[in-house]
Each structure stands twice: as C-alpha cells, then as structure tokens.
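Structure assessment
Listed here are the chains, written in short residue letters.
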Amino acid sequence: MDFILSALDYLLGIPVLGWGVQVGLIYKALLLLVGLLIFTAFILLADRKIWAAVQIRRGPNVVGPFGLLQSFADLLKFALKEAIIPGGADKVLFLLAPLITATLALAGWAVIPVDAGLAIADINLGILYLLAISSLGVYGVIIGGWASNSKYPFLGSLRSAAQMVSYEVSIGLVIITVLLCVGSLNLSDIVVAQQEMGLAHLLGVPWLSFLNWFWLPLFPMFIVFYISALAETNRPPFDLVEGESELVAGFMTEYSATPYLLFMLGEYISILLMCAMTTVLFLGGWASPIDLPPFTWIPGLVWFFIKVSVVFFFFAMAKAIVPRYRYDQLMRIGWKLFLPLSLAMVIIVAFVLQLTGWGWHGGMA
Amino acid sequence: MTLPLFFFYLFSAVAIVSAVMVISARNPVHAVLFLILAFFNASGLFMLAGAEFLALILVVVYVGAVAVLFLFVVMMLDVDFASMRQGFLQYAPVGVIVGIVLLLELLLLAGSFVISPEAAGGSALPIDGTVDNMRAIGQVLYTRYVFLFQGAAAVLLVAMIGAIVLTLKHKSNVKRQNPVDQVARRASETLEVVKVKSGQGL
C-alpha cells in the first residue's frame, strides 16, 4: 500500500501543513481549470461582441453591465435544461462524445507554460503531446455525429473527419519547422529560445524582443499555422462541419442541455489552446514584447494571456469578415497549397540552419 | 506493489479486454472504438517502458490518423452481419493456423532471450542513459539505418501514388474550376457596358 501513499502525496500533498513533500497536483490543476473556465466565459462573450461590432449590432448587453455576465447565464440555462437523447441514438457513445471533446481540450492545457516554470507538466516532449492531443479532438466529433443516428450530424462528422485530418498535416509540419530552429520539444525551451536569439540580437537592439520571436523569421509558417488552426478548430470561415445553411448544426444537431454545453466548452477551450500554441510557438510565450522596465514589471502570466487574447481577436475577426469556404476549396488549400508550402519550408529551414549554423543550441544534449 | 507496476497491470488488463472486445463486439463501429482503446493502452505501456517518443507517435499516427480513417470507412460501409457470420466456420482453420504461427513466433522471440542472451543482444545498440530517446532514435535512424529508412519512405510513396492512380478519374463531362484563372479574370475581358437607347433594345 506504499504506492497509494506516494500517489496521495503527489496528488493531495500540502507541505505547509506538514503533509507530504510537494504541493499536490490537484490544486494546480483545479486552479488552471477554474481560471481557464472563467477566461473562456469572457472569451465567448468577446467573440459575440466583436462579431456584433463588425456588423454594427450591440451584441449581448442585457445580463450584467455591458452583458458581462451573459456567458454565466448561458451556463445556468444549459445546465438546468433537460438533456434530450434521441430514441435511435447509441446512448453510451452519444454521451461519451461531448465528454471526450471537453476532456481532450482541457488535457492539452496541462503542458502549456503560462509563465516561466508555470506548467502543470513541463515535459520534454510537450509539443508532441500537444500534437497527439489535438489529433484526438476529431473523435468527439465523429462519435457524436455517428451516435446521433441522424443524417445531418453524420454528414457533419464525416466532413470534419476529413477536414481535421487534412489540416493536422500542415500543423505538424509547421511545428517541425519551429522545432528545427529550437532543437528541443520542450515548450518552455521554445519560449526561452525566442528570447535568446533572433533578429533583434542580430541588429544589436536586444531590448526590442518582439523582433526576436519566430513570427518574423518564419512568417509564412505563422500564417499557415493561423489558417490551419482556424480549420482544425472548425472556426469560421472553415465551419462547414456545422454550416447551418446546409447541415442545421452539423454534429451538434441532436445535442441539448449539458452535453451541448460540453461540446461548446470543448470547442472554445481547444480554440484557446490553439491561440496558446500560436503564442508559445511564434509570439514568445510569457515574454514581454519590449525588454525595458515598464513592460518587464508586468508578470509573464499577464503577458501570456494578453497575447492569447490578441490571437483570439484575430480568430474572431476572421469569423466576422470572411465568408464561409466551399468544401472542395477548403480541401484544395489544405492539400495543394499548405502541404507543399510547409513541406518546402521544412526543407529550406533545415538547409539554412545547417549551412549558417543558426538556431538555438542551449537545448542540445 | 509500486505505482508503475500498478499502472502496468491497469494498462495491460484494459488492453487485453479491449482487444478481446474488438473481435467480439457485434457492432463494427464499437469494434473500431475498442481497437482505439487498445492502441491507447499500448501507448501507456510504451510510456511506462520509458519510450515516451514511441508512445506519443503511436497516438499521433495510429489513433490520430489511421484509426480515424478506419472509423470513417467502417461508418460508411453498410455491413451485413448475417452474411459476415456465414463464412465463419469456413475461414476458422486459416485463422487458427495464422494465430498459432504468430504465437510460436512470439514464444521464439521471448525464448531466445532465455536460451542464449548473447544472441538477443547482438543486433541491438546499447542504451545510453544520457540521451533522451527521441534523440537516440534519430541518431540511429539517420546514420546506421539511413538507407533502410529511405527505402521504407520510397515504398510508402509508391503505395500512395498507386492508390491515387487507381482511384483518380478525370471525367470529361464534369465542369472543373481553376481558382487561379478565376482570380486572374478582369472585368474588362468579360464585361461590356452597352448604352441602350430606350425603346430600341439590343
């Protein structure tokens, strides 16, 4: 029974009270979970507000001042309504699908370093873990669509399966280009590498650290990653999975109440995960954009979430101003444009790094 | 019992149960989902063995891509269970023989470590504890086995091209769009503004 004690210590330890040797994992995870859920609630509101502002509407403005509490009202509404399960549905899988979506989206956040050394699990293969988690996201959609035993959800889930598998490829190749420059799969290393090398150091102005970040030298990959992230999370203009003009609500058509809430939550948290990945890979993670006192006083955690919010703003703007893509054109840019482009960039970056000796060498074993 | 041992038994037990469910589940979609569960637990076992890279690659490649396509196909197929069960006895001997051969091979593999330890260690490279296993795989794969690696890649490429050649059909009666042409089109080439006098028409 020794292992139960060590496991309890690992999960529940409180060193201050003389119980265990480390702060338990559960407290950190809960803190991240609650913080993330509150952040998601306001991001959801921001999404609707931005969308409304572009269309010269007010957006939600009734619940709370400026509609700030709208998402919480929605949460209550979803949680209190009756969950309807269709008679012909595969009940177990029908309820499992939203759980898979929400759990996987949250699981990805375990490796994201929100500040120096502030990650639930600062593992060496962090980026590969993220790739694995995001490649599983499609299961919630496929299982949900199939288990509903209805035509629209099924068609929606088939579309999403093809779409997500296609864009996975270019996301993987973009990540590989970043990895080539850094030489480590640890997400904290990727952020540190962006601080310690780059254009600002070459120009002799190291305090302009936003020039150091990878968005500048890898600009084409930054754009490819942004568009692929939109497609991977089924955001407009690539939301054919739930295109209401043709598929009602796609795979979510038969869902109601709490299962629907879990789907929505999973979707928004995985969108935030993509924003966080963009921040870590291209925008210097928790680092401040200008390395001078008034900016460096702001804690890294705040910078991180400011950057995530800025990336999300661009996600929201894409939703507001770009019309929905046609399905064959979506597949065309995925396979015929992004795949060759990112493949070529992997080779070019590898050649440049090999010939010039650039790249970060701090992480080399 | 230590924590890793507990997880080893957990992962292996779930893996075996789900592997049995793969062949005994009535619904083919459930069978594929159990297969995915088995993949997951195999990945957990890799993780316990210290091969984190292999574990995550197993999830990315098999669970994230191959099994998705598998599920895709199984969902699209309208499988008739009655006709599938009909030929069961006919194919059973072949299945039993394949199973026995696989079992013998596994026993031989495991047995060779016991019978002559030096034979088992002959081909494997010594494990260097100071390098993480992704770097270790890379150092072997791109130096010692680089030609085999490239050969495997060529085989996959040929398979991919073969699949495309077999399925790609250019139908002559389907209108195809070329987005480059569409974007490059100018209003002056296609539009003509005509002043029409009222009452006369064109």
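See the structure shown above.
So, how was this worked out
Here the residue index of a chain counts from 1 through its sequence in written order. Naming scheme: in the order in which they are written, chains are lettered from A and ligands are numbered from 1. Thresholds applied to this predicted model are a pLDDT of at least 70 for local features of residues and 80 or more for the giving and counting of side-chain atom pairs; totals over whole chains, interfaces and linings are not thresholded and use all residues. Values reported for side chains reflect all heavy atoms of the structure, with hydrogen atoms and water molecules removed beforehand. One side-chain nitrogen of Lys or Arg within 4 Å of one carboxyl oxygen of Asp or Glu is enough to make a salt bridge. The numbering of helices and of strands both runs from the N terminus, where a helix is a DSSP run of H or I of at least 4 residues and a strand a run of E of at least 2. Exposure is judged per residue with a 1.4 Å probe applied to protein chains only, and the accessible area is read against the type maximum: over 50% gives exposed, under 20% gives buried, and values in between give partly exposed. Aromatic rings from Phe, Tyr and Trp, with only the six-membered ring used for Trp, were paired whenever their centres fell within 6.5 Å, and each pair was classed as stacked if the ring planes differed by under 30 degrees, edge-to-face if by over 60, and tilted otherwise. Definition used: whenever NZ (Lys) or CZ (Arg) falls within 6 Å of the ring centre and also within 35 degrees of the ring normal, the charge is taken to sit over that ring. What makes two residues a contact is simply this: any of their non-hydrogen atoms within 4.5 Å. What gets called buried area is simply the loss in accessible area from a 1.4 Å probe that two parts show on being joined, summed for both. Polar contacts here mean pairs of N or O atoms no more than 3.5 Å apart (in protein, one a potential hydrogen donor and the other a potential acceptor; neighbouring residues in sequence count only if both atoms are side-chain atoms). Throughout, the ten residues Ala, Val, Leu, Ile, Met, Phe, Trp, Tyr, Cys and Pro are labelled nonpolar, Asp, Glu, Lys and Arg are labelled charged, and all others, Gly among them, are labelled polar. The charged-residue count follows a simple rule in which Lys and Arg add positive charge and Asp and Glu add negative charge, with His and chain termini not counted at all.

1. Focus on the pattern of salt bridges
Residues and elements named next belong to chain A. Taken as a whole and judged by the stated rule, the model has five salt bridges over all chains. In this structure, Arg235 engages Asp47 in a salt bridge whose closest nitrogen and oxygen atoms are separated by 3.0 Å. In this pair, Arg235 sits in the loop between helix H9 (219–232) and helix H10 (244–247) while Asp47 sits in helix H2 (residues 25–54), placing the two residues 188 residues apart along the sequence. In this structure, Asp328 engages Arg326 in a salt bridge whose closest nitrogen and oxygen atoms are separated by 2.8 Å. On the accessibility criterion, Arg326 (38% relative accessible area) is partly exposed. Within the structure, one salt-bridge network assembled from shared partners comprises Asp47, Arg235 and Lys319.

2. What to know about the packing of aromatic side chains
For any pair of aromatic rings, geometry is given as the distance between the ring centres together with the angle between the planes. Residues and elements named next belong to chain A. In the structure shown here, the tally under the stated rule is 22 aromatic pairs over all chains. Considering the side-chain rings of Phe42 and Phe72, the 5.8 Å spacing of their centres and the 70° angle between planes classify their relative orientation as edge-to-face. With Phe42 in helix H2 and Phe72 in helix H3 (residues 70–80), this residue pair connects regions lying 30 residues apart in the sequence. With centroids separated by 5.4 Å and ring planes inclined at 50°, the aromatic side chains of Phe222 and Phe282 adopt a geometry described as tilted. Note that Phe222 is positioned in helix H9 and Phe282 in helix H11 (residues 257–282), a separation of 60 residues in sequence. Relative accessible area serves as the criterion here: at 0%, Phe282 is assigned to the buried category. Ring pairing ties together the aromatic residues Trp215, Phe219, Phe222, Phe225 and Phe282, which thus form one cluster. Directly above the aromatic system of Phe78 lies the positively charged group of Lys77, at a separation of 5.4 Å from the ring centroid. Positioned above the aromatic ring of Trp51, the side-chain terminus of Lys319 is 4.2 Å from the ring centre.

3. Re the interface of chain B and chain A
The interface of chain B with chain A comprises 28 residues on the first partner and 28 residues on the second. Both sides together, the interface formed by chain B and chain A hides about 2,500 Å², and carbon and sulfur atoms give 78% of it. The largest per-residue losses of area from chain B upon contact with chain A belong to B:Leu56, B:Met75 and B:Arg135, which jointly make up 22% of the total buried on that side. Remark: the boundary between chain B and chain A carries zero salt bridges. Here chain B is connected to chain A by four residue pairs in polar contact (both at pLDDT 80 or more). Of all the elements in the fold, those that place two or more residues in the side of chain B that touches chain A are helix H1 (3–24), helix H2 (28–48), helix H3 (52–76) and helix H7 (133–141) of chain B. A per-element tally of the side of chain B that touches chain A places H3(B) first, with 14 residues. The residue makeup of the side of chain B that touches chain A, split by class, is 21 nonpolar, five polar and two charged.

4. With respect to the side chain of A:Asp115
Residues and elements named next belong to chain A. Take Asp115: it is sitting in the loop between helix H4 (91–108) and helix H5 (126–147). At 9.9 Å, Lys307 is the nearest oppositely charged side chain to Asp115, a buried residue that forms no salt bridge. Within the structure, Asp115 has its side chain in polar contact with the backbone nitrogen of Leu301 (distance 3.5 Å). Asp115 has contacts with Trp286, Gly300 and Leu301, leaving out every residue within four places of it along the chain.

Coordinates in, geometry out; function isn't part of it.
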